[in-house]
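Read off the chains here:
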Amino acid sequence: MTWKQMFTSSVGKKFVMALTGIFLISFLVVHVGLNACIWANDNGKMFNVAAHFMGTTILVRIMEIGLFLGIIVHLVQGYILNLQNQKRRSVGYAVEYGNRGSKWYSRSMGLLGTLLLLFLIMHIWHFWTPSRFGGMWSVQPLSEVTYPGTQIEYHNLYAEMLTVFQNPIIVILYVIGCISLAYHLMHGFESSFRTVGVHNNRYLTLIRYTGRGFSIIVSLAFAMMPVSMYLGWVK
Amino acid sequence: MEHYNMDLTLKIWRQKNRQSKGGFRTYEVKNISSEMSFLEMIDVLNEQLIMEGKEDPIAFDHDCREGICGMCSMYINGKPHGPWKATTVCQLHMRAFKNGETITVEPWRANSFPVVKDLVTDRSAFDRIIQAGGYISVNTGNAVDGNSVAVDKEKSDKAFYAAACIACGACVAACKNSSAMLFVSAKVSHLGLLPQGAPERQTRVVSMVAQMDKEGFGSCTNIQACEAACPKEISITNIARLNGEYLSAGLTMENKLTT
Ligand code: HEM
Ligand code: FES
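Right, let's walk through the structure included here. It should be emphasised that the depicted structure is a prediction, and the values quoted were computed from it without experimental measurement. (Residues numbered from 1 in each chain as written. Chains lettered and ligands numbered in written order. Predicted model: local features only at pLDDT ≥ 70, side-chain atom pairs only at ≥ 80, totals over all residues. Heavy atoms only, no water.)

1. Re the side chain of serine 10 of chain A
Among the structural elements, serine 10 of chain A can be located in helix H2 (residues 10-35). A distance of 2.6 Å separates a polar atom in the side chain of serine 10 of chain A from a polar atom in the side chain of aspartate 213 of chain B. (Helix = DSSP H or I, 4+ residues; strand = E, 2+ residues; numbered from the N terminus. Polar contact = N/O pair within 3.5 Å; in protein donor to acceptor, adjacent residues only side chain to side chain.)

So this is what it looks like as structure tokens:
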């Protein structure tokens, strides 16, 4: 077997999906943890310092390139697989098979992924571009803050968040994004481990419940961020 | 279970041959006994059609009529093999239906299973997948003593559960991706778990997956519809096992045979 065969056969393409998926999940752990700093209720100091660390540490910046590549590979491969799989039944059934054995969200990974992609574009535009290019290229203006005891100017991403999340429509779009994430992972978390060959039922059970817990807790935490800002729980 | 008779309306897919378009035709059958199997009910309808002499009887696959050969293949009211769990069409009894019901019967749908005629599909793709690696090589000579090959009980049980697969193709019919992974993984597990299948463990999984792809089956997204449709209740854990076997083959095999 060649490397090419290993990653381009039907099983191989799923390895790519699963490995990039697991990588994206690991990113979510970091992202949700870091963003939770907004709830320190210190006017965003802890959050801004943490974001500054992420934005200025070379290793993190290299991983950021990996993250973008991971997302691109994941969604391109996802769309290709989805399209190919749809074409394998030219004449459909008169009576649909329906729900027996499978969940609607497990059959809708492409749709949920598309919602996630739309969300990501909006999300990157709101926060990533200003934080990376705001100062330099004036793509979007971003205020700076300094904190007592340091000379460093920090991008005030926290203020950016507060501004963005004053708009109820954007808050709703973020919540929809988080719901899509929850359902995408409800299936994706367990599925990715099955795809890379975990078949011991002890582990599968563990992964199933961890996956469900993870999907719900992480998505809920993300959703609560814009909501808490809109409702003024953090200022 | 109380015995009863029923009248039914049947919407059945009719198609002359591979090339023709095909469509549904509606038939009425009367006085069907609840004790009959679904295939016997179709037999009654076919006799009716032959007597009338207006159209050909309905072509459908069947052989053993006792749930072990995997030939019967009808997609009934949206379900491969009909409404009962863990049942082939030949073992589906008419007591699953009520008097006056309308039943829609379609062939398996997948480009890799082209319709040959009416409800008969060409499932030789499965045979070619088996030919690619679903076997063990046994040398000729004296038979070895059965007890000389030790088999772990847990593994032998798992191998036998997987070996229950009758290759009917309901997994493909149920899968939104028309994936054959439940079938292929059942064969890979059945042979790979046993010591007799161990020598070809890696080449088997690679060759069978390659043939499966060549036949045009889709990729598995672990949605589990196949498991629910399987008359032998083959577990999708087998699919995860195949994935693991494929990964380990991918990581350890040479590009091609070298010395
Ligand atoms: C935060 C972002 C995302 C995460 C954490 C994530 C995670 C995952 C995981 C773990 C899987 C399961 C892989 C498997 O079954 O082996 C998966 C599958 C998939 N993802 Fe994503 N994904 C993300 C974003 C996206 C996006 C933006 C798309 C856009 C198209 C997408 C489309 C898909 C598709 C089509 C599948 C295939 C479904 C399947 O094979 O069962 N995902 N994803
Ligand atoms: S006819 Fe053999 S399984 Fe139904």
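More follows now that the structure is in view.
2. What to know about the packing of H2 of chain A against helix H8 (residues 237-252) of chain B
Packing of H2 of chain A against H8 of chain B brings their axes to within 11 Å, and their N-to-C directions diverge by 90 degrees. Judged by the angle between their axes, H2 of chain A and H8 of chain B are roughly perpendicular. Residues Val11, Gly12 and Phe15 of chain A of H2 of chain A touch H8 of chain B, and the partners they reach there are Leu242, Asn243, Tyr246 and Leu247 of chain B. Along the lines of polarity and charge, the residues of the contact of H2 of chain A with H8 of chain B split into 5 nonpolar, 2 polar and no charged. (Axes fitted to C-alpha atoms, helices over the stretch in contact; angles between N-to-C directions. Parallel < 35°, antiparallel > 145°, perpendicular 65-115°, else oblique. Contact = heavy atoms within 4.5 Å. Nonpolar A, V, L, I, M, F, W, Y, C, P; charged D, E, K, R; others polar.)

3. Topic: the sheet that holds strand S3 (residues 75-76) of chain B
All names here are of chain B. The 5 strands are arranged S2-S1-S5-S3-S4 in an open sheet whose pairing can be described as mixed. Because the sheet does not close on itself, it has two edges, and the strands there are strand S2 (23-33) and strand S4 (79-80). Here 2 bridges tie S3 to strand S5 (residues 102-106), and the two strands are oriented antiparallel to one another. In the sheet register, isoleucine 76 faces S5, and the bridge partner there is valine 105. Where helix H1 (residues 38-52) meets the sheet, its contacts fall on strand S1 (5-14), S2, S3 and S5, and the angle it forms with S2 comes to roughly 105 degrees. (Pairing = 2+ DSSP bridges.)

4. A word on the packing of aromatic side chains
Scanning the entire structure with this criterion turns up 18 aromatic pairs over all chains. Residues phenylalanine 15 of chain A and tyrosine 246 of chain B carry aromatic rings whose centres are separated by 6.1 Å and whose planes lie at 50 degrees to one another, so their mutual orientation is tilted. One end of the pair, phenylalanine 15 of chain A, is in helix H2; the other, tyrosine 246 of chain B, is in helix H8, on a second chain. In this structure, phenylalanine 15 of chain A and tyrosine 246 of chain B share a single accessibility class: buried. Geometrically, the ring pair formed by phenylalanine 126 of chain B and phenylalanine 183 of chain B is stacked, given 3.7 Å between the ring centres and 5 degrees between the ring planes. With phenylalanine 126 of chain B in helix H2 (residues 124-133) and phenylalanine 183 of chain B in helix H5 (residues 181-192), the pair connects residues that are 57 residues apart, well separated along the chain. Accessibility assignment for this pair places phenylalanine 126 of chain B and phenylalanine 183 of chain B in one class, buried. Pairwise contacts between aromatic rings join Phe119, Phe127, Phe165 and Tyr174 of chain A into one cluster. Sitting over the ring of phenylalanine 24 of chain B, lysine 11 of chain B keeps its end group 5.2 Å from the ring centre. Lying across the ring of tryptophan 13 of chain B, arginine 109 of chain B places its NZ or CZ 4.1 Å from the centre. (Phe/Tyr/Trp six-rings, centres within 6.5 Å; stacked < 30°, edge-to-face > 60°. Buried < 20%, exposed > 50% of the residue type's maximum accessible area, 1.4 Å probe, protein only. Lys NZ or Arg CZ within 6 Å of the ring centre and 35° of its normal.)

5. Structural notes on the site of ligand 1
Residue and element names in this part refer to chain A. Around ligand 1, the structure places 25 residues, and the nearest of them are His74, Gly113, His184, Ser191 and Thr195. Histidine 184 is positioned such that a nitrogen or oxygen atom in its side chain is 2.7 Å from a nitrogen atom of ligand 1. In the model, an oxygen atom of ligand 1 is placed 2.4 Å from a nitrogen or oxygen of the serine 191 side chain. Only H2, helix H4 (58-86), helix H6 (109-137) and helix H8 (168-195) provide two or more residues apiece to the shell around ligand 1. Of all the elements, H8 adds the most residues to the shell around ligand 1, at 8 residues. Partitioned by chemical class, the residues of the shell around ligand 1 number 12 nonpolar, 12 polar and 1 charged. (Near = heavy atom within 4 Å.)

6. Regarding the coordination of the iron atom of ligand 1
All names here are of chain A. Taken together, His74 (NE2) and His184 (NE2) make up the full set of protein donors to the iron atom of ligand 1, lying 2.0 to 2.1 Å away. Classification of the site at the iron atom of ligand 1 as octahedral follows from its 6 donor atoms and the range of 85 to 179 degrees in their angles at the metal. Placement of the pair is histidine 74 in helix H4 and histidine 184 in helix H8, with a sequence separation of 110 residues. Of the residues examined, histidine 74 reaches a relative accessible area of 17% and is grouped as buried. (Donors = N, O, S within 2.8 Å, 3.2 Å for Na, K, Ca; no water. Tetrahedral: all angles 85-135°; square planar, octahedral: opposite > 155°, others 65-115°.)

7. Section: H4 of chain A
Over its 29 residues, H4 of chain A extends 42 Å from the first C-alpha to the last, a length consistent with the 42 Å expected when each residue adds 1.5 Å. Buried residues of H4 of chain A: Val60, Glu64, Leu67, Gly70, Ile71, His74, Gln77, Gly78, Leu81 and Asn85 of chain A, and no others. (Expected span 1.5 Å × (residues − 1).)

8. Considerations on the interface of chain B and chain A
Facing 56 residues of chain B, the contacting portion of chain A comprises 41 residues. Summed over both partners, the interface of chain B with chain A comes to about 3,900 Å²; 54% of that surface belongs to carbon and sulfur atoms. Scanning the region where chain B abuts chain A turns up 0 salt bridges. There are 27 residue pairs in polar contact (both at pLDDT 80 or more) connecting chain B and chain A. Of all the secondary structure elements, the ones that give two or more residues to the side of chain B that touches chain A are S4, S5, helix H4 (170-174), helix H6 (201-214), helix H7 (225-229) and H8 of chain B. Sorting elements by how many residues they give to the side of chain B that touches chain A places H8 of chain B first, with 11 residues. A breakdown of the residues in the side of chain B that touches chain A according to their chemical character gives 31 nonpolar, 18 polar and 7 charged. (Buried area = accessible area lost by both parts, 1.4 Å probe. Salt bridge = Lys/Arg side-chain N within 4 Å of Asp/Glu carboxyl O.)

9. Things to note about the nonpolar core
One finds Val184 and Phe217 of chain B to be the most contacted residues of the largest nonpolar core, which totals 46 residues. Of all the elements in the fold, those that place two or more residues in this core are H2 of chain A together with H2, H4, H5, H6, H7 and H8 of chain B. When residues of this core are assigned to their parent elements, the largest contribution, 6 residues, is made by H5 of chain B. Two domains each put at least three residues into this core: domain 1 (5-116) and domain 2 (124-139 + 148-258) of chain B. Look past the residues within four positions of valine 184 of chain B in its chain and what remains in contact with it is Ile129, Met208, Met212 and Leu242 of chain B. Counting 35 residues, the second-largest nonpolar core is a separate cluster that includes Ile25, Met122, Phe165 and Ile170 of chain A. (Core = buried A, V, L, I, M, F, W, Y, C linked by side-chain atoms within 4.5 Å. Domains from an automatic or database assignment.)

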